[in-house]
Amino acid sequence: MGGTEEKRAAGSGRPTSRDVARLAGVSHTAVSFVFNGRAEGNLSPATQERIRRAAAELGYRPDPVARGLRRRRTAVIGLVTDEIASSPFAGRLLRGAMETAWDSEHLVLTIDSGGDAAKEDAAVAELLDRRVDGIIYAAMSLRRVRVPEGLHRTHSVLANCLPEDDSLPAVIPAERAGGRTAARLLLDAGHRRVAMVGGQDDIASVDRLRGFRDALRAEGISVPKEWVVRTGGEISGGYEGATRVLDGVPADRRPTGIFCYNDRVAAGVLHAATRLGITVPDELSVVGYDDQEHMAAFLTPPLTSVALPHREMGDAAARLLLDAIGTGRTPPATVRRLACPVISRASVGPAPSR
């Protein structure tokens, strides 16, 4: 296993590969074969198992620094993100990346830049100095991003964002398909008078609305211009938008379904409906987006939502990066779009008959 590991182990008092060899009754080289992935064809399965049992009994683990020096890898990948500390979805993306990396015996070193470009460049430079095997750059809202300096010097993948120069592979939600899914939830429940509330002119808003209209157009349904209300992404925007399309409008002329840009907007819509005496889902069905943790399931009624696949994005980005690290090949600068699943609850019901 090499002198580096033995010297480190001697200083720390932890078991060494030579201890494993003595307990298993095999050569030091045999232990090296098992823990360097060279056992197949060199050692019998029975001998491999005996070595692994001895290692487990002693609590032996190979020194990752020494292994990294031999392999010219560190078994660490970096994850740089713009606002991980303030996003309710950060934990999901992180868990997806970290669990997948762990399964491949890699750790994830995470740095939050706070959206500061200079800090992003410095973070990437620090990770490169630490010789990480590759870097994931993640944004907490779908947008085009300036690629931080240094990402092109190692294997790199973007998650939940797109590079301004289309130079790196990216994993993002299939937002347009998600908009179609939201529309189908309402259409399949018999709704034909539907509105969309919230959002602005960002990529996610535009794609969700396009998908929403795609599904309606396929059924020969058009959305009146005044029923597409762009009011941002907060609860106040949902309240304002719902009030515009519902307040003072006779029941037979107002929408029976509203697709909301996100769950915060949906919360505002539900609040407006309650104030106006409109029951959900008997008189009005509401579909959210994001499936925001600690919110969607606790609204009244619990919100049906199209979920953003944050955990899946972390997993897919890590797999793409680890494959590039393992093969030594740079992945093509393509965009992979992940499905946004429906989380059905109680805010969607049959269209009222009137």
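Residues numbered from 1 in each chain as written. Predicted model: local features only at pLDDT ≥ 70, side-chain atom pairs only at ≥ 80, totals over all residues. Heavy atoms only, no water.

Draft legend 1. Spotlight on the overall build of the chain. When helices and strands are tallied, the chain shows 12 helices and 14 strands. Relative to the 2.2 N^0.38 estimate, which gives 20 Å for 354 residues, the radius of gyration of the chain is 26 Å and therefore markedly larger than a compact globule would have. Across its three principal axes, the chain shows a C-alpha extent of roughly 85 × 40 × 35 Å. The proportion of buried residues among the 354 residues of the chain is 53%. Residue pairs in contact within the chain that sit at least 24 positions apart in sequence constitute 71% of those at least 6 positions apart. Of the charged side chains in the chain, 47 are positive and 44 negative, and the gap between their average positions amounts to 4 Å. (Helix = DSSP H or I, 4+ residues; strand = E, 2+ residues; numbered from the N terminus. Rg over C-alpha atoms; globule rule 2.2 N^0.38 Å. Buried < 20%, exposed > 50% of the residue type's maximum accessible area, 1.4 Å probe, protein only. Contact = heavy atoms within 4.5 Å. Lys, Arg positive; Asp, Glu negative; His and termini not counted. Charge placed at Lys NZ, Arg CZ, Asp CG, Glu CD.)

Draft legend 2. Structural detail: the sheet that holds strand S8 (residues 194-197). Overall, mixed pairing links the six strands, which are arranged S9-S8-S10-S11-S12-S14 in an open sheet. Of all the strands in the sheet, the pair left with one neighbour each is strand S9 (228-229) and strand S14 (342-343). The pairing of strand S11 (residues 285-290) with strand S12 (residues 304-307) spans four bridges and is parallel. Looking across to S12, one finds that Gly 288 is bridged to Ser 305. Each of S8, S9 and strand S10 (257-260) is contacted by helix H10 (residues 235-246), which is oriented at about 150° to S8, the strand it contacts most. (Pairing = 2+ DSSP bridges. Axes fitted to C-alpha atoms, helices over the stretch in contact; angles between N-to-C directions.)

Draft legend 3. Focus on the packing of helix H8 (residues 175-188) against helix H9 (residues 203-218). Two elements in contact, H8 and H9, have axes separated by 6 Å at closest approach and are oriented at 45°. Between H8 and H9, the angle falls in the class oblique. H9 is crossed by H8, and the crossing has right-handed handedness. For the pair H8 and H9, the contacting residues are Glu 175, Arg 176, Gly 179, Arg 180, Ala 183, Leu 186 and Leu 187 in the first and Ala 204, Asp 207, Arg 208, Arg 210, Gly 211, Phe 212, Asp 214, Ala 215 and Leu 216 in the second. Of the residues that constitute the contact of H8 with H9, the class distribution is seven nonpolar, two polar and seven charged. (Parallel < 35°, antiparallel > 145°, perpendicular 65-115°, else oblique. Left-handed = near helix turned anticlockwise from the far one by under 90°. Nonpolar A, V, L, I, M, F, W, Y, C, P; charged D, E, K, R; others polar.)

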